[in-house]
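Read off the chains here:
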Amino acid sequence: MSPLFNWAAKKGEPVAPERPASLITENLSTSRALPKFIAALAHQSAPVLLDLGPVVGANVSFFGDRLACKMLIEDLHETIGGVITERAPETLATRLTDRISRVTGPVDGVLCWDVFDYLDRGSARALASSLRDVLAAGGVLHGLFGTVAQPASTRTRFIMQSETAVKCRTEPWLAASRHAYQTGEITRMFEGLTVVESVLLQNRTRETLFRKR
Amino acid sequence: MNIGKSVIIKGELSGSEDLTIEGQVEGKIELRQNLLTIGPNAKIKAQVFAKTVVVEGQVHGNISAGERVDIRDKGVVEGNLAAPRVAIADGAHFRGSIDMQTGGAKAVDASDARPAAAPQPVAAGPTAVAR
């Protein structure tokens, strides 16, 4: 299987090493699912795209140029960060679903990036359910799911370079736990959506594309 | 034309020349054929309509531009954007939606769903208060 997301800077370097929090690192990676995600939206007139990551200007330009879409930015890192800072993990699921419930109208595409890695099981299920509800029929959802649970004090911004290339910029963030979910569990979380593409990457991240029938 | 940082305007601000705001505006700003620059010290709570909008300060409200919205690295926008071209620099804070489907001038209006920070209604006509 090809290394679609090469997080390590050099071939052979240990995957997902502990990084000093003061460092920002960037790696270029390749995606197999994002071209299909874009293709699914490209044939639609004025699609609506929901981005759950921190706002990235390059992505706004990228998707705007290619899709002439309407983008909704709902930075869930902001919500997760608030819960960590307030030490109120029991409120996470509610806060996430409240935030998604404010999204008006169905959306044609959802970019989850790696947000599910930061969610406990209950919150992940609640968010997946909300996203399934807000996704329009025929809509697509893209996510990256880590397969190794570990503490982390970084987060990653994913910056589109082309339809198949993504720059991954890892930067210091709050101390958080990264969770890992089995493939079957991910599929069950998004029950009602069909898996279009699911690739286990060499860095032990699973890239998955779902479609709502 | 500049609006200095000690100036507070509550009401409707419109014109036909380029404008830089460093002060505070609450209400509505219309410069449909011109460049509007929200300076680093500016705090805006308004619906904004202009040809091009450059944000270096804070805007709470929807922005609609005929050509372009440019949020610089220290810029803060909580509201919906409508413009054919939108640029958001690294470090900028943005919360809302971005509509690049249309020409912008008409896209984000009072009827648009979910304005992130709709300003309170204000009396028509500008009221400038120098501090």
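Rules of the game
Sequence order as written defines the numbering, with residues in each chain counted from 1. By the order in which they are written, chains take letters starting at A while ligands take numbers starting at 1. Only residues with pLDDT of 70 or above have their local features reported here, since the model is predicted, and side-chain atom pairs are shown and tallied only from 80 upward, although totals for entire chains, interfaces and linings are computed over all residues. Hydrogens are left out, water is left out, and the side-chain values use all remaining heavy atoms of the structure. Should DSSP find at least two bridges between two strands, the strands are taken to pair. For the purposes of this entry, the term helix denotes a DSSP run of H or I that reaches at least four residues, the term strand denotes a run of E that reaches at least two, and both are numbered from the N terminus. For this document, the term salt bridge refers to a Lys or Arg side-chain nitrogen within 4 Å of an Asp or Glu carboxyl oxygen. Residue exposure (1.4 Å probe, protein chains only): buried if accessible area is under 20% of the type maximum, exposed if over 50%, otherwise partly exposed. A 3.5 Å cut-off defines polar contacts: any pair of N or O atoms within that distance qualifies, except that in protein one atom must be a possible hydrogen donor and the other a possible acceptor, and neighbouring residues in sequence count only when both atoms are side-chain atoms. Contact definition: two residues touch when any of their heavy atoms are within 4.5 Å. Pairing of aromatic rings covers Phe, Tyr and Trp, the last counted by its six-membered ring, and requires centre-to-centre distances within 6.5 Å; plane angles under 30 degrees mean stacked, over 60 mean edge-to-face, and any other angle means tilted. Angles here are taken between N-to-C directions and fall from 0 to 180 degrees, while the axes themselves are lines fitted to C-alpha atoms, restricted in helices to the stretch in contact. Angles below 35 degrees are treated as roughly parallel, those above 145 as roughly antiparallel, those between 65 and 115 as roughly perpendicular, and all remaining angles as oblique. Each crossing gets its handedness from the near helix: less than a right angle anticlockwise from the far helix is left-handed, clockwise is right-handed. Polarity classes work like this: nonpolar for Ala, Val, Leu, Ile, Met, Phe, Trp, Tyr, Cys and Pro, charged for Asp, Glu, Lys and Arg, and polar for all others, with Gly in that last group.

A. Structural view of the pairing of strand E8 (residues 193-200) of chain A. Residues and elements named next belong to chain A. Relative to strand E9 (residues 205-212), E8 runs antiparallel, the two sharing seven bridges. In the sheet register, Ser198 faces E9, and the bridge partner there is Thr208. Once E8 ends, the chain turns through four residues before running back antiparallel as E9, passing Arg204 with a positive phi of about 70°.

B. Here's a closer look at the pattern of salt bridges. Under the counting rule described, the total for this entry stands at 21 salt bridges over all chains. A salt bridge links Arg178(A) to Asp117(A), with the shortest nitrogen-to-oxygen separation between them at 2.8 Å. Of the two residues, Arg178(A) sits in strand E7 (residues 165-178) while Asp117(A) sits in the loop between strand E4 (107-113) and helix H5 (121-134), which places them 61 residues apart along the sequence. Side by side, Arg178(A) and Asp117(A) carry an identical accessibility label, which is buried. What you see here is one network of salt bridges that share partners, running through Glu26(A), Lys167(A), Arg169(A) and Asp90(B).

C. Structural context of the side chain of Arg99(A). Relative to the helices and strands, Arg99(A) resides in helix H4 (residues 92-101). For Arg99(A), a relative accessible area of 3% translates into the label buried. In this structure the side chain of Arg99(A) is engaged in a polar contact, spanning 2.6 Å, whose partner is the side chain of Glu74(A). Sequence-distant contacts of Arg99(A), defined by excluding residues within four places in its chain, comprise Glu74(A), Asp75(A), Leu76(A), Glu78(A), Thr79(A) and Arg95(B).

D. Expanded view of the packing of aromatic side chains. Residues and elements named next belong to chain A. A complete count under the given rule lists seven aromatic pairs over all chains for this structure. Here Phe62 and Phe63 contribute two aromatic rings whose centre-to-centre distance is 5.1 Å and whose plane-to-plane angle is 85°, an arrangement assigned as edge-to-face. Comparing Phe62 with Phe63 shows no difference in burial state: the two are buried. Their ring planes at 85° and their centres at 5.5 Å tell us that Tyr118 and Trp173 sit as a pair that is edge-to-face.

E. Structural context of the packing of helix H3 (residues 76-86) of chain A against H4(A). All names here are of chain A. Between H3 and H4, the least distance of the axes is 10 Å, while the angle of their chain directions is 155°. With respect to their mutual orientation, H3 and H4 come out roughly antiparallel. Judged by the twist between their axes, the crossing of H3 over H4 is right-handed. Where H3 approaches H4, its residues Leu76, Glu78, Thr79, Ile80, Gly82, Val83 and Glu86 are matched on the opposing element by Leu92, Arg95, Leu96 and Arg99. Split by residue class, the contact of H3 with H4 holds five nonpolar, two polar and four charged.

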